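Fold and geometry: a report
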Amino acid sequence: MAQPLQPTNEAGVLITFEGGEGAGKTTHIRFLAEALQGRGREVLCLREPGGTAIGEQVRAVLLSTDNDEMAPEAELLLYEAARAQLVGQVIAPALARGCVVLCDRFTDSTLAYQGAGRGLDESFIERASAFACQGLAPDRTVLLSTGGTATDGLMRATHRGAADRLEEAGLEFHMRVNDAFQRMAAAHPQRIRCVVSDKRKSVTARAVFRAVADLFPWMNEPDAFPEGFFERLDVSRGASLPKLGARAADFDQAGGR
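In this report, the structure presented in the accompanying data block is examined. (Residues numbered from 1 in each chain as written. Predicted model: local features only at pLDDT ≥ 70, side-chain atom pairs only at ≥ 80, totals over all residues. Heavy atoms only, no water.)

1. Looking at the state of the cysteines
Selection rule: Any cysteine sulfur atom paired with another within 2.5 Å is treated as part of a disulfide. The buried label applies to any residue whose accessible area, calculated with a 1.4 Å probe on protein chains only, is under 20% of its type's maximum; exposed applies above 50%, and partly exposed to all values in between.
Scanning the entire structure with this criterion turns up zero disulfides. The thiol sulfur of C99 is not disulfide-bonded, and the nearest other cysteine sulfur, from C45, lies at 8.9 Å. Counting only cysteine sulfurs, C103 is the nearest neighbor of C133, a cysteine outside any disulfide, at a range of 9.5 Å. What makes C133 buried here is its relative accessible area of 2%.

Below, the structure is given as structure tokens:
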């Protein structure tokens, strides 16, 4: 049974989940959130772009296949605009009150998709993201990958519905994106922890928890998780996980970008 939320003197924690298409971020965000809530932490699950009324409107513009003439520069600035709103309105206040914020995509995705994918200047992207984030940065990033090719990831991402505008960007685009994520992981090993989601969900979930365990010491306790805690993911497919956060409906839909 989840412990009731109590006033906390613990510092807020921002954990971002990154990766190419079809890596399965949503299920593992929700599962981690459930475990943290069970320990009495306030948890907020968000996605980029989105998480605010303004951000969701921007998201609809960015991902609509009707907008295939969008210039890469316009695309970048729309992502940064949605991010600035999310950080100022939601993330910064949540961290200030000691919340754990789990965000489906953040600044690394912008470097991967708009930098490597679209070919925009990465130093400009970094400055734009820093401006939008008001100095805020993730405490930890979990980089999920399918363990296969970009084609495999796209097939996993689109098997339940039509592709969005970014998913339709082409195989070479997504290959560049995936390569960029791996380069970032190699450059920032203390922050970015890689998890391959090519096995059972329970195996991937254990790896995700190991990737953040140093941020939550209780995870290293011998009796931290009851028997079968992770294995239930293999039979439930995440259907029993709670819908969490300010915009719970986001986690019934496709992940962020």
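2. Considerations on the sheet that holds strand β5 (residues 192–196)
Test applied: Two strands are said to pair when DSSP picks up at least two bridges between them. Helical segments are the DSSP runs of H or I of at least four residues, strand segments are the runs of E of at least two, and each set is numbered from the N terminus. Axis definition: a line fit to C-alpha positions, over the contact stretch in the case of helices; interaxial angles, taken between N-to-C directions, run 0 to 180 degrees.
Pairing within the open sheet is parallel, and its five strands lie in the order β2-β3-β1-β4-β5. On the outer flanks of this sheet lie β2 (43–47) and β5, each paired with one strand and no other. Averaged over neighbouring strand pairs, the angle between their axes works out to 20 degrees when direction is ignored.

3. Comments concerning the pattern of salt bridges
Heads up, the condition is: When a carboxyl oxygen of Asp or Glu lies within 4 Å of a side-chain nitrogen of Lys or Arg, that pair is called a salt bridge.
For the structure shown, the criterion picks out 15 salt bridges. Linking R165 and E75 is a salt bridge whose minimum nitrogen-to-oxygen distance equals 2.6 Å. Of this pair, R165 sits in the loop between α6 (150–158) and α7 (171–187) while E75 sits in helix α3 (residues 72–96), and the two are 90 residues apart along the sequence. On the accessibility criterion, R165 (8% relative accessible area) is buried. The exposure class of E75 is buried, given its relative accessible area of 1%. For E231, the salt bridge goes to R206, with nearest N and O atoms at 2.9 Å. Here E231 is found in the loop between α8 (201–212) and α9 (232–236), whereas its partner R206 is found in helix α8, with 25 residues between them in sequence. What emerges from the salt-bridge pattern is a single network uniting E48, E80 and R83.

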